[in-house]
Protein chains: 4
Amino acid sequence: MIADKRLRILLAAETLVSRFGVEGLSMHRVAKQAKLATGTIYLYFKDKDALMSELHERNLRLFAEAFLADVDPSSSLKQQHHQLWRNGFSYQQSNANVQRLWVHLETLPRNTRHKQLIQELFQPLELFFEKGVEQGCFKALPSEMLYALAFGSLYEICRFSHLRDVNFSQQDMDVALLASWDAITVHP
Amino acid sequence: MIADKRLRILLAAETLVSRFGVEGLSMHRVAKQAKLATGTIYLYFKDKDALMSELHERNLRLFAEAFLADVDPSSSLKQQHHQLWRNGFSYQQSNANVQRLWVHLETLPRNTRHKQLIQELFQPLELFFEKGVEQGCFKALPSEMLYALAFGSLYEICRFSHLRDVNFSQQDMDVALLASWDAITVHP
Amino acid sequence: MIADKRLRILLAAETLVSRFGVEGLSMHRVAKQAKLATGTIYLYFKDKDALMSELHERNLRLFAEAFLADVDPSSSLKQQHHQLWRNGFSYQQSNANVQRLWVHLETLPRNTRHKQLIQELFQPLELFFEKGVEQGCFKALPSEMLYALAFGSLYEICRFSHLRDVNFSQQDMDVALLASWDAITVHP
Amino acid sequence: MIADKRLRILLAAETLVSRFGVEGLSMHRVAKQAKLATGTIYLYFKDKDALMSELHERNLRLFAEAFLADVDPSSSLKQQHHQLWRNGFSYQQSNANVQRLWVHLETLPRNTRHKQLIQELFQPLELFFEKGVEQGCFKALPSEMLYALAFGSLYEICRFSHLRDVNFSQQDMDVALLASWDAITVHP
DNA sequence: TATGAATGAGGTTTCATTCAT
DNA sequence: CATGAATGAAACCTCATTCAT
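What you see is a predicted model; the values in this text were computed from it and never measured.

Another point: the overall build of chain A. If you tally the helices and strands in chain A, you get 10 helices and zero strands. Listed by position from the N terminus, the elements making up chain A come as α-α-α-α-α-α-α-α-α-α. Nonlocal contacts in chain A, meaning residues at least 24 apart in sequence, comprise 68% of its contacts between residues at least 6 apart. Split by element, the accessible area of chain A, about 9200 Å² in all, is 52% carbon and sulfur. Side chains of chain A carry 21 positive and 21 negative charges; the gap between the two charge centres is 9 Å.

This paragraph deals with the protein's contact with DNA strand F. In the neighbourhood of DNA strand F, 33 residues make up the surrounding shell, with Lys5 and Tyr44 of chain A, Met27 of chain C together with Lys5 and Tyr44 of chain D lying closest. If you look at DNA strand F and keep only atoms within 4 Å of the protein, 68% of those are sugar or phosphate atoms. Contact between DNA strand F and Met27 of chain B: a phosphate oxygen at 2.8 Å from a main-chain N or O atom of the residue. Only helix H3 (38–44) of chain A, helix H2 (27–33) and helix H3 (38–44) of chain B, helix H2 (27–33) and helix H3 (38–44) of chain C together with helix H3 (38–44) of chain D provide two or more residues apiece to the surface near DNA strand F. Per-element accounting of the surface near DNA strand F gives the leading share, five residues, to H3 of chain A. Tallied by class, the residues present in the surface near DNA strand F amount to 14 nonpolar, 11 polar and eight charged.

Bringing the relation of the copies chain B and chain A into the picture now. Between the two copies, chain B and chain A, the superposition gives an RMSD of 0.5 Å; the rotation angle is 178° and the shift along the axis is 0.2 Å. The superposition of one copy onto the other is thereby described by a two-fold rotation axis. Both copies contact each other with a shared surface, as 100% of the interface residues of chain B are interface residues in chain A too.

This part takes up the interface of chain C and chain D. Counting residues at the interface gives 40 residues for chain C and 39 residues for chain D. Approximately 3600 Å² of surface area, both sides summed, lies buried where chain C meets chain D, with 68% of it carried by carbon and sulfur atoms. Residue Asp182 of chain C is joined to Lys139 of chain D by a salt bridge in which the shortest nitrogen-to-oxygen separation is 2.7 Å. Across the chain C-chain D interface, the total number found is two residue pairs in polar contact (both at pLDDT 80 or more). Looking at the side of chain C that touches chain D, the elements with two or more residues in it are helix H6 (99–106), helix H7 (112–121), helix H9 (143–164) and helix H10 (170–184) of chain C. Counting residues per element, the side of chain C that touches chain D draws most heavily on H9 of chain C, which supplies 14 residues.

The next point concerns the protein's contact with DNA strand E. As a structural note, the neighbourhood of DNA strand E is formed by 33 residues, with Lys5, Thr40 and Tyr44 of chain B together with Lys5 and Tyr44 of chain C the closest of them. Those atoms of DNA strand E that come within 4 Å of the protein belong to sugar or phosphate at a rate of 68%. Taking Tyr44 of chain B, its side chain carries an N or O atom lying 2.2 Å from a phosphate oxygen of DNA strand E. Interatomic distance of 3.4 Å between a backbone N/O atom of Ala37 of chain C and a phosphate oxygen of DNA strand E. Listed by contribution, the elements that provide at least two residues to the surface near DNA strand E are helix H2 (27–33) and H3 of chain A, H3 of chain B, H3 of chain C together with helix H2 (27–33) and H3 of chain D.

All right, on to the relation of the copies chain C and chain D then. The two copies are related by a screw operation: chain C maps onto chain D through 178° of rotation and 0.2 Å of translation along the axis, at an RMSD of 0.5 Å. Mapped onto chain D, 98% of the interface residues of chain C are again interface residues, and the two copies thus contact each other with one and the same surface.

Take the pattern of salt bridges next. Note that side chains of opposite charge can pair when their charged atoms are close. Counted according to the given criterion, the structure contains 28 salt bridges over all chains. Put simply, Glu156 of chain A and Arg159 of chain A hold a salt bridge, and the shortest N to O gap is 2.9 Å. Here the residue Glu156 of chain A and the residue Arg159 of chain A both occupy positions in helix H9 (residues 143–164), the gap between them amounting to three residues, near one helical turn. Taking the shortest distance from any N to any O, the salt bridge between Glu14 of chain D and Arg58 of chain D comes out at 3.3 Å. In this pair, Glu14 of chain D sits in helix H1 (residues 5–20) while Arg58 of chain D sits in helix H4 (residues 48–68), placing the two residues 44 residues apart along the sequence.

This part covers the interface of chain B and chain A. Tallying the contact residues gives 39 residues for chain B and 40 residues for chain A. With both sides pooled, the region where chain B packs onto chain A buries about 3600 Å², and carbon together with sulfur makes up 68% of that total. Put simply, chain B and chain A have two salt bridges between them. Counting across the chain B and chain A interface gives two residue pairs in polar contact (both at pLDDT 80 or more). Elements with a minimum of two residues in the side of chain B that touches chain A: helix H6 (99–106), helix H7 (112–121), helix H9 (143–164) and helix H10 (170–184) of chain B. The element best represented in the side of chain B that touches chain A is H9 of chain B, accounting for 14 residues.

Kept free of each other, chain B and chain C leave a smallest C-alpha distance of 12 Å between them. The two units chain A and chain D are non-contacting; their minimal C-alpha-C-alpha distance is 13 Å.

A turn of α-helix holds 3.6 residues, and therefore any two residues three or four places apart point the same way. Residues and elements named next belong to chain A. For helix H8 (residues 123–134), which comprises 12 residues, the first-to-last C-alpha distance of 16 Å matches the rise-based estimate of 16 Å (1.5 Å per residue) to within 8%. Of all the residues in H8, the buried ones are Leu125, Phe128, Phe129 and Gly132. One side of H8 carries all its buried residues, which in axial view fall inside an arc of 90°. Exposed residues pointing more than 90 degrees away from the buried face of H8 are listed as Leu127 and Glu134. The inward-facing, buried residues of H8 abut helix H4 (48–68), helix H5 (77–94), H9 and helix H10 (170–184). Within two residues after H8, Gly136 carries a phi angle of roughly 75°, on the positive side.

Between its first and last C-alpha atoms H10 of chain C spans 22 Å; for 15 residues at 1.5 Å apiece the expected length is 21 Å, and the two agree. Among all positions of H10 of chain C, only Asp172, Met173, Ala176, Leu177, Ala179, Ser180, Trp181, Asp182, Ala183 and Ile184 of chain C are buried.

Next up on the list: the domain arrangement of chain A. Frequently, the measure chosen for interface size is the accessible area that the parts lose on association. Residue and element names in this part refer to chain A. Considered domain by domain, chain A is made up of domain 1 (1–45) and domain 2 (48–184). Between domain 1 and domain 2, the C-alpha centre-to-centre distance is 27 Å. Contacts between the two partners involve 15 residues from domain 1 and, on the opposite side, 13 residues from domain 2. One can count two salt bridges joining domain 1 with domain 2. On the surface where domain 1 and domain 2 come into contact, there are three residue pairs in polar contact (both at pLDDT 80 or more).

Below, the discussion takes up unusual backbone geometry. Excluding glycine, residues mostly carry a negative phi; peptide bonds, for their part, are mostly trans. A positive phi angle, near 55°, is found at Lys35 of chain B, a position not held by glycine. Mapped onto the elements of the fold, Lys35 of chain B is located in the loop between H2 and H3. The class for Lys35 of chain B is exposed, based on a relative accessible area of 62%. Even without a glycine there, the phi angle at Asp70 of chain C is positive, about 60°.

Rules of the game
Residues numbered from 1 in each chain as written. Chains lettered and ligands numbered in written order. Predicted model: local features only at pLDDT ≥ 70, side-chain atom pairs only at ≥ 80, totals over all residues. Heavy atoms only, no water. Helix = DSSP H or I, 4+ residues; strand = E, 2+ residues; numbered from the N terminus. Contact = heavy atoms within 4.5 Å. Areas by Shrake-Rupley, 256 points an atom, 1.4 Å probe, with all protein chains shown as cover. Lys, Arg positive; Asp, Glu negative; His and termini not counted. Charge placed at Lys NZ, Arg CZ, Asp CG, Glu CD. Near = heavy atom within 4 Å. Polar contact = N/O pair within 3.5 Å; in protein donor to acceptor, adjacent residues only side chain to side chain. Nonpolar A, V, L, I, M, F, W, Y, C, P; charged D, E, K, R; others polar. Least-squares fit on C-alpha atoms with pLDDT ≥ 70 in both. Buried area = accessible area lost by both parts, 1.4 Å probe. Salt bridge = Lys/Arg side-chain N within 4 Å of Asp/Glu carboxyl O. Expected span 1.5 Å × (residues − 1). Buried < 20%, exposed > 50% of the residue type's maximum accessible area, 1.4 Å probe, protein only. Arc of directions from axis to C-beta. Domains from an automatic or database assignment.

Have a look at this one:
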């Protein structure tokens with residue numbers, strides 16, 4: 001039993017969303033899952049929106065951390081790209097269950113707090129893309145677009161896996177990784 | 001005022017989702033938006049699930065139609081790819097508002113009816129990819145994966161545009177189009 | 001297909017009640033069962049209450065008719081009693097399905113119209129009991145009470161059969177018939 | 001004001017049924033009658049069915065208790081029978097209002113839980129009838145049938161009283177009691 | 001007469017939130 | 001801090017009744 005009640009509530013909510021979807025989430029159920037009284041949640045979160053927002057933030061942080069893990073800025077761009085791709089893929093695989101939460105939260109009305117957070121969390125990524133462009137290795141595009149070109153396919157692949165039960169072989173995944181590299185690099 | 005009440009209801013639901021999100025959609029509100037009595041909806045749709053499902057189907061059809069429009073199977077693969085990309089982009093631009101509905105519907109429990117419909121609607125696309133692979137022009141990958149590689153980036157780009165208010169220049173979009181082509185084609 | 005729409009509606013209602021119970025009865029369903037439009041019912045019955053009331057009346061008439069059938073006032077009291085009992089039993093057996101309607105209708109707010117009808121329909125019964133009392137054969141009681149003593153047990157027996165799945169042998173039923181006779185007759 | 005909310009709800013439901021019939025019973029009205037919020041009922045009863053079922057059970061228990069009160073198994077069969085009859089009559093008189101609930105509940109789809117409960121509650125009665133049969137005092141019939149013969153008339157009498165405003169004199173009631181005894185006993 | 005689409009009040013149930021303890 | 005019973009607005013859905021055709 002985790003002592004930090006705040007965290008316990010967040011984890012309870014996460015569990016419930018991944019298990020029963022976003023519509024199945026009620027404050028009562030969260031409390032029960034967290035083994036707390038209903039009212040207690042309101043001591044830690046202003047209201048349900050605040051809880052959801054915090055949940056989103058937590059997920060963003062965890063994803064950013066996993067995505068950027070072991071990416072060595074001093075290694076080659078190609079090595080960094082490959083590491084990012086593998087990280088992204090691993091994260092999606094292990095967290096298939098939070099996909100539903102993710103897409104839900106993504107479409108909530110944006111607040112500036114989140115925008116800023118995202119910018120902050122993914123700054124290393126921005127530097128990575130900028131460096132690649134400077135070196136003439138990557139196409140001359142804004143980093144958001146390079147990001148989309150490199151990793152948009154990854155999310156689409158994962159969506160196929162999770163939502164449509166399509167599975168790909170390891171070999172195919174390797175080819176996809178290289179295709180992602182092809183998408184962002186300059187070709188003669 | 002549209003005479004076909006069924007369509008009126010669907011459009012009303014679409015409007016509300018895009019304006020207030022999926023949780024903002026209540027049968028009562030749909031009725032009001034469609035300028036009908038609550039009960040009337042149930043003359044045309046068995047229940048809320050049926051309405052949502054139909055909405056999903058409608059969106060799939062409209063998207064497929066727009067996506068595949070003017071794609072001439074007798075033209076070159078490159079031309080076809082470019083047309084698809086432009087179609088996809090146009091559709092997303094004109095239907096920014098359905099994004100929220102889309103991602104929601106996508107995460108609903110799949111039913112076989114939808115799977116079949118998707119397969120049916122996008123069969124021309126499958127043929128396109130298969131032909132490319134046969135000709136040795138596209139990487140030797142399942143068509144789902146080629147799809148993800150070619151158009152996953154497009155969706156990610158649009159998500160940036162709609163959800164995070166990032167805008168790209170026409171020039172950048174053209175580069176992205178070519179990058180999508182690079183992602184799926186074989187390089188020497 | 002019965003030509004008389006009024007009767008068609010009544011029969012449809014009866015069928016539905018016996019099949020799905022009183023709560024399952026909606027005007028829409030009655031119409032569908034009768035193969036008529038919803039509105040048509042209102043040409044023949046002022047409202048749902050009127051339909052139910054008429055249904056009750058119909059059932060009372062049918063029951064009275066069945067109950068009193070072949071009871072010959074010139075035959076012995078005992079023979080008449082036995083015929084009544086057998087009639088009552090047969091009716092209940094063949095119309096187990098309307099029991100639910102019956103008990104429902106019975107507990108509706110009484111109206112004078114029904115009271116009068118009942119009195120009218122069962123007058124032969126009253127004469128039967130009065131004659132028995134006059135002859136010193138039956139206990140000196142009001143005919144309603146004699147009725148209750150003679151046939152209350154019958155209904156209770158049928159209730160056991162229908163509602164609690166208790167079944168009785170033919171032999172037992174014969175003994176019960178005699179017991180009913182014992183209940184109303186004078187003993188030395 | 002009763003402190004036990006559960007009981008308050010049951011009594012409120014009982015009152016409403018007896019006053020307005022079963023169709024007049026809505027959860028909202030029950031709540032208002034019990035001076036509670038609508039949602040509160042659902043803290044004590046899973047749903048309306050559960051409430052009705054509990055109501056039925058409560059009525060069965062109360063009736064059994066009243067019916068069997070002060071019936072001394074060591075006293076004579078005749079004395080026991082008379083006590084039962086008087087108890088039954090008193091209960092019906094004092095609870096005329098639950099008649100409507102009763103007949104409704106009786107026609108609900110039976111569940112095994114209720115069957116078992118009935119068997120349990122009325123076991124003393126079964127022993128009473130079996131003893132009478134053994135002693136050769138009662139007719140050789142299953143106890144359910146003896147029950148019907150002895151008390152079916154009582155219910156019919158009460159139905160006349162409540163539903164048709166027929167009233168009987170004390171003297172007549174006494175004769176009826178003896179007639180009930182005549183119905184189940186062996187005659188030379 | 002006959003139709004059946006349309007209505008909207010009212011049914012059951014859920015759930016975010018509060019507050020007395 | 002913590003509790004959880006209580007609230008009541010609002011969700012989905014049904015259905016008796018009307019009315020333009």
